[in-house]
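What follows is each chain in one-letter form.
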Amino acid sequence: LQEAAVGSSTTAVESSTQSTVLDIDEIGKTFMEKYYDLFQNDRAKLESYYREYSCLSFEGQGFQGPKQIMNKLRNLPVKSIQHTPKTIDVQPSGCGGLMLYVTGELRLDSTDNPVRFLHSMHIVPLEGSTTDFWINNDIFRLQV
């Protein structure tokens, strides 16, 4: 994910053999849908998205590495969390990844009143992939 055109929902990707146009908005949306689905239905599988140098800031608390991050995500004080994204903004990053900024609503333990949230991630492709990513930075805040 090199050579990006900012201000556009597509970006040109240069490889050693060809140039490909990617829809970064679709990549970001697909990534977040999969992430939130796993968060709700099989949270333990999120560990594969994090590396030793991955960082999570969750409501101002910092965590680094998959063990610390997953310990936090597994031990949240609610049993069920359903994310409903309202907006997803995507920008190419200078190191070949994507910056994702999500706003939306959470339903906690099937309550009727949703809580607003902000979620920002920097995702990096696995070995030049355009479909598989790991999370370098993850920042989450509730808007109460």
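Everything discussed here concerns the structure shown above.
Quick summary incoming for the structure in this document.

Cut-offs applied
Residues numbered from 1 in each chain as written. Predicted model: local features only at pLDDT ≥ 70, side-chain atom pairs only at ≥ 80, totals over all residues. Heavy atoms only, no water. Helix = DSSP H or I, 4+ residues; strand = E, 2+ residues; numbered from the N terminus. Buried < 20%, exposed > 50% of the residue type's maximum accessible area, 1.4 Å probe, protein only. Lys, Arg positive; Asp, Glu negative; His and termini not counted. Salt bridge = Lys/Arg side-chain N within 4 Å of Asp/Glu carboxyl O. Polar contact = N/O pair within 3.5 Å; in protein donor to acceptor, adjacent residues only side chain to side chain. Contact = heavy atoms within 4.5 Å. Phe/Tyr/Trp six-rings, centres within 6.5 Å; stacked < 30°, edge-to-face > 60°.

So, on to the side chain of aspartate 138. The residue aspartate 138 is located in strand β8 (residues 133–143) in this model. Arginine 141 provides the closest opposite charge to the buried, unpaired aspartate 138, separated from it by 11 Å. In terms of polar contacts, aspartate 138 uses its side chain to reach the side chain of histidine 119, at 2.6 Å. Here aspartate 138 is in contact with Tyr35, Tyr50, Cys55, Leu56, Ser57, His119, Ser120 and Met121, once residues within four sequence places are set aside.

Scanning all chains against the criterion turns up 9 aromatic pairs. Consider the rings of tyrosine 36 and phenylalanine 117, whose centres lie 6.0 Å apart with planes at 80°: the pair is edge-to-face. A residue pair is termed long-range when its members are at least 10 positions apart, and tyrosine 36 in helix α1 (residues 24–41) and phenylalanine 117 in strand β7 (residues 115–125) qualify at 81 residues. The exposure classification of tyrosine 36 matches that of phenylalanine 117, with both residues buried. With a centroid separation of 5.6 Å and 20° between ring planes, the pair formed by phenylalanine 117 and phenylalanine 140 is classed as stacked. Linking phenylalanine 117 in strand β7 with phenylalanine 140 in strand β8, this pair joins segments that are 23 residues apart in sequence. Take phenylalanine 117 and phenylalanine 140: they sit in the same class, and that class is buried. Through successive ring pairs, a cluster of aromatic residues spans Phe31, Tyr35, Tyr36, Phe39, Tyr49, Phe58, Phe117, Phe133 and Phe140.

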